[in-house]
Amino acid sequence: MATESRNGSHSTAQKIPSLFGKEVDEAMTETELREKLIQQYTDLQRIKSAPDRDKEIEYQIKTVKAKLEAFGVVTEDLDIH
């Protein structure tokens, strides 16, 4: 169900209750998405220009794994063996 915001734009994101009794928009904002894509782009540029690409990839895997685990995501099932 699309809803109209104060600025007239439409959103298809659903509202979900938070722990504090307020509704939270579960979709990323445009700013959050832009920041995420910039970070992904710079990460890829780092891999591309790294003197030791394997070392850079392992470093980035470790940092993303730590971020996922901080959110409670079990990463073992995501690992490729």
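Higher on the page you've got the structure.
Just so it is clear, the model here is predicted, and its values are computed rather than measured.

Rules behind the numbers
Residues numbered from 1 in each chain as written. Predicted model: local features only at pLDDT ≥ 70, side-chain atom pairs only at ≥ 80, totals over all residues. Heavy atoms only, no water. Axes fitted to C-alpha atoms, helices over the stretch in contact; angles between N-to-C directions. Helix = DSSP H or I, 4+ residues; strand = E, 2+ residues; numbered from the N terminus. Parallel < 35°, antiparallel > 145°, perpendicular 65-115°, else oblique. Contact = heavy atoms within 4.5 Å. Nonpolar A, V, L, I, M, F, W, Y, C, P; charged D, E, K, R; others polar. Patch = residues over 30% accessible without salt bridge, like charges linked within 9 Å, V, L, I, M, F, W, Y side chains within 5 Å. Areas by Shrake-Rupley, 256 points an atom, 1.4 Å probe, with all protein chains shown as cover. Salt bridge = Lys/Arg side-chain N within 4 Å of Asp/Glu carboxyl O. Lys, Arg positive; Asp, Glu negative; His and termini not counted. Charge placed at Lys NZ, Arg CZ, Asp CG, Glu CD. Polar contact = N/O pair within 3.5 Å; in protein donor to acceptor, adjacent residues only side chain to side chain. 1 Å grid on protein atoms, 1.4 Å probe; cavity = no way out; pocket = protein on both sides within 12 Å on 5 of 7 lines; lining within 4 Å. Points joined across faces, edges and corners; volume = space filled by probe spheres on them.

*Asks:* Please clarify how the packing of helix α1 (residues 30-49) against helix α2 (residues 53-70) should be interpreted in this entry.
*Replies:* Axes are the key here: two packed helices are described by the angle between their axes and the distance separating the axes. In the contact formed by α1 and α2, the axes pass within 8 Å of each other and the chain directions differ by 155 degrees. As judged from the angle between their axes, α1 and α2 are roughly antiparallel. Two secondary-structure elements touch here, α1 through Asp43, Arg46, Ile47 and Lys48 and α2 through Arg53, Glu56, Ile57, Tyr59 and Gln60. Of the residues that constitute the contact of α1 with α2, the class distribution is 3 nonpolar, 1 polar and 5 charged.

*Asks:* Teacher, can you tell me more about a negative patch on the surface here?
*Replies:* Together, Glu69, Glu76, Asp77 and Asp79 make up a negatively charged patch on the protein surface. With respect to the element layout, glutamate 69 can be found in helix α2.

*Asks:* Before we go on, may I ask you to explain the side chain of glutamine 60 in this structure?
*Replies:* Residue position: glutamine 60 is located in helix α2. In this structure the side chain of glutamine 60 is engaged in a polar contact, spanning 3.1 Å, whose partner is the backbone oxygen of aspartate 43. In this view, glutamine 60 contacts Asp43, Arg46 and Ile47; residues no more than four positions away in its chain are not counted.

*Asks:* Looking at this structure, I do not really get the layout of surface pockets. What am I missing?
*Replies:* Which parts of space are left empty comes out when a probe the size of a water molecule is rolled across the atoms. Here the largest pocket is characterised by a volume of approximately 600 Å³. Residue lining of the largest pocket: 17 residues in total, with Lys36, Gln39, Asp43, Val64 and Lys67 positioned closest to the centre. Counting residues per element, the ones that place at least two in the lining of the largest pocket are α1 and α2. With 8 residues, α2 is the single largest residue contributor to the lining of the largest pocket.

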